[in-house]
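An overview of the molecular structure
Residue-level listing of the chains:
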Amino acid sequence: MYCILISTFSPLTLILSSVGIFMLITHIWQRYRRFRKIAKQIDQLPGPKVSSNLFGHLSLVWKSASHSANYLQQIFNLLVGITKIYQQEGEGFMRLWVGPTQPVVIIFNAECAEGILTSNSNIDKSREYDFAIPWLGLGLFTSTGDKWRLHRKMLTPAFHFRILESFIPIIQKQQAIMMKLIKERISDPKSNSIVDDIKPLITNCALDIICETAMGVSIDAQTDLTSKYSKSVRKVLDLFTQRLLSPWLWNEFFFGLSPTAREQRETIKFLHDFTNTVIQRKRKEIVDRMANGGGDLATTMNEIGTKRVLAFLDSLLTQNLRDPQSLTDEDIRSEVDTFMSAGQDTSSATVQFALQLIGHHPELQEKIHEELDTIYGDDADREIQFEDLRQMKYLEKCIKETLRIFPPVLFIARNIREEFQIKGQTLPIGTTVMVLFYQLHRDPKWFPNPEKFDPERFSFEQMNGRHAFSYTPFSAGPRNCIGQRFAMQTAKALLSSILRKYRIESMVPMEKVELAFGSTVGPKNKITLKFEPRF
Ligand code: HEM
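Residues numbered from 1 in each chain as written. Predicted model: local features only at pLDDT ≥ 70, side-chain atom pairs only at ≥ 80, totals over all residues. Heavy atoms only, no water.

UniProt's entry tags C481 with the feature "binding site: heme" (unreviewed entry), counted in the numbering of this structure. Its location among the elements puts C481 in the loop between α21 (460-463) and α22 (484-501). Since its relative accessible area comes to 31%, C481 is described here as partly exposed. In this structure C481 touches R152 and F474, once residues within four positions along its chain are discounted. (UniProt positions renumbered as here; feature names shortened; annotations may be inferred. Helix = DSSP H or I, 4+ residues; strand = E, 2+ residues; numbered from the N terminus. Buried < 20%, exposed > 50% of the residue type's maximum accessible area, 1.4 Å probe, protein only. Contact = heavy atoms within 4.5 Å.)

Below, the structure written as structure tokens:
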């Protein structure tokens, strides 16, 4: 057989293929040696014993969760349980193996979190973030390197407090719709003043707010339950979650063949067409006005600003018209879609969790009422002013404490591109580093009795002296959340609108609250509230 093979090929072919095979084997051998070196480094780090060389710590997960209906919650509890043990032993991080070759380091202490979050060289997100690229393109959330740096600098002014102030009429309008819907529900005598599940009302209101502030268009998600745009946003976020939670869909090739990918392509096409149409329409408005009025760009934008609220998109178009190379049409679409995706579920989950927690603490709710009464007197209908929100100091503490207990972004993950030192140990290139905010926020060193809802943790006295990286729901360092002040403004506006008028009681016990896992985390169960009018 071998003789037949040899006689079929010319000597040159045989030499070349032998050299090729030799090079391939050498390459594999070198890679293997490099990997062994990395593996040795990783195995020196604290972490549970590996029970399977092939699956790494994944086998641990299967063993503990295979018989459970709610396996994601089980896996999460297991992860949190292990990190808690290491945290109690004084460790700041631990390592896991996901499969045979992927080391993951999980950080849950402030000093270690500071190290990675402030690193300017390790700003690349882990590869799971790439799943969002088909929808979000290379926007702020997914891009890296010089592109990210340039865009971050360009977009920061779009979140200036004067711009956020200009969004108040939009928030006012949308919260009024939400309040009307709540009133309708509890006015039904059969309701017994109870809204069975407040979640959809909050989610749709948050979607309407972000859509109008990001793009300057109203999609009426709250009143038009058939809105194709809002359904498609939900759909694409669900598909993204589905992929994240299905390891067999992580590979691009296999994913491409799946029905999920087909559905995702169709949904994203609709969303991109929608955003593109809005971009073209808004650009035409600016260009036409400039041509007809003869003014320069700045004057024209000021004029438009007197007629309607300028959206984030207007800031991006101004930049694009000034310098089309620095921000292309595709860049604009990516950034607008990024705001739509990053700003919606996070904000609504915050409000939903806050209502659940506040509704279980009548004594703390009383303090919120006192604060709101000081701001509004007994005029429960006065429109919201920017200054009102700034005065809601106690409510702000409640929101911060909610974000400590239930951070909607449970963790962030980075891909290590440059060797990184952590507590005197080296993390090799290729390691995925996660900062698990959920457990970081439960470090008893900074937050004694961590499960207790105690807004006073955010009083000046208690914050003073606490490590700055012990609490990072919006992440921290160069890649922190660009929308955090906007998120806080929205949360305050929606919560104060409800609490100005009503005393609320949570009907779902805290121990029944489960997490719905996805790209962000919200409550899985219904948030049932009883409303008692205050006036
Ligand atoms: C309570 C609400 C919010 C929370 C808890 C939150 C949390 C976060 C976190 C943890 C990150 C870092 C992600 C990472 O590094 O992987 C992030 C990034 C980001 N967030 Fe938020 N966010 C919220 C609301 C918003 C809003 C309202 C917007 C926009 C309107 C927004 C836009 C962004 C963007 C664009 C990034 C990427 C920043 C960059 O990499 O430069 N977020 N957010």
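This part covers the nonpolar core. In this structure, I107, I198 and F531 are the most contacted members of the largest nonpolar core, which totals 144 residues. The greatest single-element share of this core, amounting to eleven residues, is contributed by helix α16 (residues 329-358). Other than its neighbours up to four places away in sequence, I198 contacts I182, L355, I527, L529 and F531. (Core = buried A, V, L, I, M, F, W, Y, C linked by side-chain atoms within 4.5 Å.)

A separate point is the sheet that holds strand β3 (residues 194-195). Spatial ordering of the open sheet is given by β3-β11-β8, a layout of three strands whose pairing is antiparallel. For this open sheet the edge positions go to β3 and β8 (502-506), each flanked by a neighbour on one side alone. Docked against the sheet, α22 engages β8 and β11 (529-533), running at close to 105° with respect to β8. (Pairing = 2+ DSSP bridges. Axes fitted to C-alpha atoms, helices over the stretch in contact; angles between N-to-C directions.)

Moving on to the site of the ligand. Around the ligand, the surrounding shell holds 29 residues, and the nearest of these are Y129, W148, R152, R414 and C481. Interatomic distance of 2.8 Å between a side-chain N/O atom of R152 and an oxygen atom of the ligand. For the shell around the ligand, the secondary structure elements donating two or more residues are α7 (145-155), α16, β4 (411-415) and α22. Considering each element in turn, the shell around the ligand owes the most residues, six residues, to α16. Split into classes, the residues belonging to the shell around the ligand amount to 17 nonpolar, eight polar and four charged. (Near = heavy atom within 4 Å. Polar contact = N/O pair within 3.5 Å; in protein donor to acceptor, adjacent residues only side chain to side chain. Nonpolar A, V, L, I, M, F, W, Y, C, P; charged D, E, K, R; others polar.)

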